[in-house]
Structures are given as C-alpha cells and as structure tokens.
Amino acid sequence: MLINVKSRLKENDIQELLSYSVFPDPEALQPVIERYENDANLWLFGYESEGILVGIIGFELSDNQEMTITHLAVEPESRGVGFGRGIILEIIEDMHPVRIVAETDEESVQFYRNIGFVIRSLGEKYPGVERFLCTYEVEEAEVD
C-alpha cells in the first residue's frame, strides 16, 4: 500500500529508504530531502507491506499527466520479490499518468526493462557512467 510520506522526511526510516536511491554519494541525501521539502510539485510515497515500510517513490507529475520518477528504492532485504513493480503499478492506479519516465544507471536499467519500459541509452552522462532513459506509455484501461 502506498502512503504519502512527504511530511515525514525527518524520520530515519524515510531517509534511509531515500538514501538507497542517491547511493553512492551519501552527502547527496540532504539536498534531496530539502528539495522534497521545498518543491510543492514533488510527491513522495512510501510502500508498506504488512505494516512495514519497504520502498519509496518520489516523482513529479506534469500538467499533461507525464510522471517523472526522481527516486525509487526498495530496502535491500526486500528486493527481488516484486515490491518495485508493485510500487509502479500502484502509482499508475492512484495517479493516472499517461507516461512515466525515469533516468537510471546500468545497475537498475534491467528492472525497468523487465516491467515494460522502453530503454534508450543517454551515453556517458558522467565520466565512466552510462545513463539510460526509461519510458513507459500507460495504456488506457478498457471500458466495460
């Protein structure tokens, strides 16, 4: 279940989950927290399973319903069992984006590919680091 955690940015468990998506630079965490605190256009949701916060997603939603994922992370002990996919599916259901985009690294690109995102290399955006643009076109639900 997704819950809005933007008002809980000072809590250690929220910061720890968010830190997984700014690795390997732990000093980047504080500016990220401040950005969520100060930018009304950024959303931050936690993902609970059996009452335990296991994941987090941060995003921006444009006026034309294009969602840009800014952060997505699942705690290490809970990875590989579908929580990341669940977060994406639930956010689609709750927020109704028409398109979702995310920029990621080589380590995470397979996750996006496996759930149907179209992947395009952005090349070496930083020295020695290839980045990828992941795009997902959300299909309209069939009307019964």
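Residues numbered from 1 in each chain as written. Predicted model: local features only at pLDDT ≥ 70, side-chain atom pairs only at ≥ 80, totals over all residues. Heavy atoms only, no water.

To continue, consider the confidence of the model for the protein chain. Looking at the protein chain as a whole, the pLDDT averages 92, with 96% of positions reaching at least 70. The secondary structure element of the protein chain with the lowest average pLDDT is strand β6 (residues 118-126), at 92, and the one with the highest is strand β4 (residues 66-74), at 97. (pLDDT = per-residue confidence, 0-100. Helix = DSSP H or I, 4+ residues; strand = E, 2+ residues; numbered from the N terminus.)

Judged by nonpolar contacts, the single largest core of 26 residues is most densely connected at Ile57, Ile69, Ile88, Ile91 and Ile100. At the level of secondary structure, the elements contributing two or more residues to this core comprise β2 (42-49), β3 (52-61), β4, α3 (83-95), β5 (99-105), α4 (106-114) and β7 (129-137). Broken down by element, the residue count for this core peaks at six residues, all from α3. Ile69 has contacts with Ile57, Gly58, Phe59, Ile88, Ile100, Val101, Ala102 and Tyr112, leaving out every residue within four places of it along the chain. If you look at the next biggest cluster of nonpolar residues, it comprises 16 residues, including Val5, Leu29, Leu44 and Leu53. (Core = buried A, V, L, I, M, F, W, Y, C linked by side-chain atoms within 4.5 Å. Buried < 20%, exposed > 50% of the residue type's maximum accessible area, 1.4 Å probe, protein only. Contact = heavy atoms within 4.5 Å.)

Applying the stated rule across the entire model yields seven aromatic pairs. Aromatic side chains Trp43 and Phe45 sit 6.1 Å apart centroid to centroid with 10° between the ring planes, which places their arrangement in the stacked category. Since its relative accessible area comes to 11%, Phe45 is described here as buried. With centroids separated by 5.0 Å and ring planes inclined at 75°, the aromatic side chains of Tyr112 and Phe117 adopt a geometry described as edge-to-face. The pair Tyr112 / Phe117 is uniform in exposure class, with both members buried. Among the aromatic residues, those joined into a cluster by ring pairs are Phe111, Tyr112, Phe117 and Tyr136. (Phe/Tyr/Trp six-rings, centres within 6.5 Å; stacked < 30°, edge-to-face > 60°.)

In space, the seven strands of this open sheet follow the order β1-β2-β3-β4-β5-β7-β6, with mixed pairing throughout. Each of the sheet's edge strands pairs with one partner strand only, and the pair in question is β1 (2-4) and β6. Averaged over all pairs of adjacent strands, the angle between strand axes in this sheet comes to 30°, irrespective of strand direction. Those strands touched by helix α1 (residues 12-20) are β2, β3 and β4, and its axis lies near 65° from that of β3. The strands touched by α4 are β4, β5, β6 and β7; relative to β5, the strand with the most contacts, the crossing angle is about 150°. (Pairing = 2+ DSSP bridges. Axes fitted to C-alpha atoms, helices over the stretch in contact; angles between N-to-C directions.)

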